[in-house]
Amino acid sequence: MHIATAWSTDENPALAFDGAYARLHDKLGCAPSLLLVLFTEAYPAAVMLAAVRALPPDIRVHGLSICTGVMTEEGFHGQDGRAIGLWGLHDPDGSFGVGMALLNGDPGQAVTQALDQALAEAGRPGEVPDLVWVSTSPGSEEAVLRGIKGVLGSTAQVFGGSAADNGVAGRWSLLSRDAAASAAIVISVMFPTMTSSASFQSGYSPTERHGRITAASGRVLQRIDDRLAADVYNEWTGGLIESALDGGNILPVTSLSPLGRVAGKVGEMAFYMLSHPDAVVEGGALSLFTEVEAGQEVVLMTGSPHSLVTRAARVTEAAMALDNIQRSRISGALVVYCAGCMLTVRNQMPAVVDGLNTSLGGKPFLGAFTFGEQGCVVGRESVHGNLMISSIVFSH
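Figured I'd write up the structure that's included with this text. Being a predicted model, the structure only gives us computed values, none of them experimental. The written sequence of each chain sets the order in which its residues are numbered from 1. pLDDT decides what is reported in this predicted model: residues at 70 or higher carry local features, side-chain atom pairs at 80 or more are listed and counted, and totals for whole chains, interfaces and linings draw on all residues regardless. The basis for the side-chain values is all heavy atoms of the structure; hydrogens and waters are excluded.

## What to know about the side chain of Asp 91
Where helices and strands are cited, they refer to DSSP runs of H or I of at least four residues and of E of at least two residues respectively, numbered from the N terminus. If you trace the backbone, Asp 91 turns up in the loop between β6 (84-90) and β7 (95-102). Only protein chains enter the accessibility calculation, which uses a 1.4 Å probe; a residue whose area is less than 20% of its type maximum is buried, one above 50% is exposed, and one in between is partly exposed. Under this rule, positive means Lys or Arg and negative means Asp or Glu; His and the chain ends count for nothing. Throughout this description, the term salt bridge denotes a Lys or Arg side-chain nitrogen within 4 Å of a carboxyl oxygen of Asp or Glu. Look at Asp 91: it is buried, it has no salt bridge, and the nearest opposite charge is Arg 124 at 9.3 Å. In this view, Asp 91 contacts Met 1, Ser 33, Phe 96, Pro 192, Thr 193 and Met 194; residues no more than four positions away in its chain are not counted. Throughout, a residue-residue contact means that at least one pair of heavy atoms, one from each residue, lies within 4.5 Å.

Okay, structure coming up:
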């Protein structure tokens, strides 16, 4: 059982994949059992699909586009918006499968199709995996999680991140070795011989500003305490979106001031899942990247560049602490780091990598910058949030 990573920013997409895969193979000393492929929109999905189809047929492949770059134990990698990162796991005694399905307006049906395919490929139909790694197009994450819970139960350990592009323009893509598409779901099921321990948190703290949602529809928050949501948010943030109250994009200015809802508690300590406001829409409502419901309590959260830089390492250490994992026994890790957080502290990403290397003892890891994050909070309930960070640590 072994984990390795590799990356490239070569201008030629095919050469970028081939070079990265050759280095990954050399590090593993063999072909991977499971291959995770992260790539930016500068590398066309069709080229990536052709590359993975040329691999040996017993390699399971899970791919998605990410924002701007990738990070590994060797650093942050991104050149003019192009990068590819590979994460390979060699575990011949484990079982792995990947399934992909087009959403086609029915996430529940797509989940069933992708899960059936993944479990069949793993040779474990009807079983609950040790770990489910999910990627989907932005906009359907909650429905996808509901679908997974409907098939596997509410305690299945589900982690992942939504596909992304470099400019929130819908140029994202997902792939397996069978197909590539922009509106799809890819699910990997893992039955590894190693232990996996995971944590899912934000780098934000609650403020004293809070209220109850009194009107909402899907991902549109209309009213808080029976007042226009945009007016309330603007008041809570000291006029942060004053210039956009009549409508407009607010995504660039709200990354350090998201809205939070309590996802669970340990003792008196609350754990929050976050919603990132991206626009003021008709009627003074706020458009978000998560679903919200009337009756939920919402609180203004606050973050800082320092908290975002240090949080990835702290989340990783929390994952290690859950199962008392010693650094000497770590094989590697997978990290999901919200693209909005990355863009906020992009110049400090080398410090994020340094912190992860310290936490993991220099073991290989691959970090994805996504447009939505999925993970398990208190009680192993899987949720979707924004501006979140997850870390899965594999050990033997």
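There's more to say after this.
## Observations regarding unusual backbone geometry
Within the chain, Asn 104 stands out as a residue other than glycine whose phi angle is a positive 50°. Among the structural elements, Asn 104 can be located in the loop between β7 and α3 (107-122). Backbone geometry at Asp 225 places phi at a positive 50°, although glycine is not the residue there. Within the secondary structure layout, Asp 225 lies in the loop between β15 (220-224) and β16 (227-228). Assessed through its relative accessible area of 44%, Asp 225 is described here as partly exposed.

## Quick word on the sheet that holds strand β27 (residues 388-395)
Strand-to-strand pairing in sheets goes through backbone hydrogen bonds, with the strands running parallel or antiparallel. On the basis of which strands lie adjacent, the open sheet formed by six strands has the order β5-β4-β24-β23-β27-β13 and mixed pairing. Taken across any chain shown, the strands that pair with only one partner, and hence form the sheet edges, are β5 (75-77) and β13 (195-202). Strand after strand, the sheet turns through a mean of 15° between neighbouring axes, direction not considered. When DSSP locates at least two bridges between a pair of strands, those strands are taken to pair. Summarising the sheet, strand β23 (residues 330-338) and strand β24 (residues 365-370) pair through six bridges and their orientation is parallel. Bridge pairing in β24 places Cys 338 opposite Thr 370. Axis angles are defined between N-to-C directions and span 0 to 180 degrees, where every axis is a line fitted to C-alpha atoms and, for a helix, only to the segment in contact. Packing of helix α6 (residues 305-322) onto the sheet brings it into contact with β13, β23 and β27, and relative to β13 it is tilted by some 140°. Of the strands in this sheet, β4 (70-72), β5, β23, β24 and β27 touch helix α8 (residues 349-360), which is tilted by about 150° from β23.

## Looking at the sheet that holds strand β3 (residues 60-65)
Pairing is mixed in the open sheet, where six strands are placed in the order β1-β6-β2-β3-β10-β11. At either margin of the open sheet sits one strand with a lone partner, and together these are β1 (2-8) and β11 (180-181). When strand β2 (residues 34-39) meets β6, the two strands line up antiparallel, connected through six bridges. Note on β6: the bridge partner recorded for Leu 36 is Trp 87. In the packing of helix α1 (residues 13-28) onto the sheet, the strands contacted are β1, β2 and β6, and the crossing angle to β1 comes to about 155°.

## Here we look at the environment of Pro 350
The topology assignment puts Pro 350 in helix α8. Judged by its relative accessible area of 48%, Pro 350 is partly exposed. For the pair Pro 350 and Tyr 204, spaced 146 residues apart in sequence, the C-alpha separation works out to 20 Å.

## Examining the packing of α3 against helix α4 (residues 141-152)
The contact between α3 and α4 brings their axes to 8 Å, and the two run at 50°. Between α3 and α4, the angle falls in the class oblique. In terms of crossing hand, the pair formed by α3 and α4 is right-handed. Contacts between α3 and α4 involve Pro 107, Val 111, Thr 112 and Leu 115 from the former and Ala 143, Val 144, Gly 147, Ile 148, Val 151 and Leu 152 from the latter. Three classes are used, and their members are as follows: Ala, Val, Leu, Ile, Met, Phe, Trp, Tyr, Cys and Pro are nonpolar, Asp, Glu, Lys and Arg are charged, and the others, Gly among them, are polar. A breakdown of the residues in the contact of α3 with α4 according to their chemical character gives eight nonpolar, two polar and no charged. Orientation labels follow simple angle bins: below 35 degrees gives roughly parallel, above 145 gives roughly antiparallel, 65 to 115 gives roughly perpendicular, and whatever is left gives oblique. Two helices crossing with the near one rotated counterclockwise from the far one by less than a right angle form a left-handed crossing, whereas a clockwise rotation gives a right-handed crossing.

## As for the packing of aromatic side chains
Here the aromatic set is Phe, Tyr and Trp, taking the six-membered ring for Trp, and pairing holds for ring centres within 6.5 Å; pairs whose planes are under 30 degrees apart are stacked, those over 60 apart are edge-to-face, and all others are tilted. One pass over the full model with this rule turns up six aromatic pairs. Each ring, one from Trp 87 and one from Phe 394, has its centre 5.5 Å from the other, and the planes form 45°; the classification is tilted. On the criterion of sequence distance, the pair formed by Trp 87 in strand β6 and Phe 394 in strand β27 is long-range, its members being 307 residues apart. Of the two residues examined, Trp 87 and Phe 394, each falls in the buried class. Summarising the aromatic geometry, the rings of Trp 172 and Phe 371 are spaced 6.2 Å apart at their centres and angled 90° between planes, so their arrangement reads as edge-to-face. Taken as a pair, Trp 172 in the loop between β9 (158-161) and β10 (174-175) and Phe 371 in the loop between β24 and β25 (373-376) lie far apart in primary sequence, 199 residues in all. An identical accessibility class is assigned to Trp 172 and Phe 371; each is buried. Within the aromatic cluster, the residues linked to one another by ring pairs are Phe 76, Tyr 337 and Phe 369. Directly above the aromatic system of Phe 191 lies the positively charged group of Arg 124, at a separation of 4.1 Å from the ring centroid. By definition, being over a ring means that NZ of Lys or CZ of Arg is both within 6 Å of the ring centre and within 35 degrees of the ring normal.

## Some remarks on helix α5 (residues 229-236)
Across the eight residues of α5, six count as buried, placing the element largely inside the fold. For α5, every residue scored as buried is listed here: Ala 229, Ala 230, Val 232, Tyr 233, Asn 234 and Trp 236. Two residues or fewer past α5, Gly 238 is found with a positive phi of approximately 70°.

## Examining α8
Here α8 contains 12 residues, and its C-alpha end-to-end distance of 17 Å stays within 8% of the 16 Å for a straight helix at 1.5 Å per residue. Within the span of α8, buried status applies to Met 349, Val 352, Val 353, Gly 355, Leu 356, Asn 357, Ser 359 and Leu 360. Positive backbone phi, approximately 65°, marks Gly 361, located one or two places after α8. Helix span is expected to be 1.5 Å times the residue number reduced by one.

## Here's the deal with the pattern of salt bridges
Applying the stated rule across the entire model yields 12 salt bridges. For Arg 124, the salt bridge identified is with Glu 127, shortest N-O distance 3.0 Å. Ionic pairing is found between Arg 223 and Asp 226, a salt bridge with its closest N-O pair at 3.3 Å. The exposure class of Arg 223 is partly exposed, given its relative accessible area of 28%. Judged by its relative accessible area of 52%, Asp 226 is exposed. Taken together, the salt bridges that share partners define one network made up of Glu 11, Asp 80 and Arg 82.

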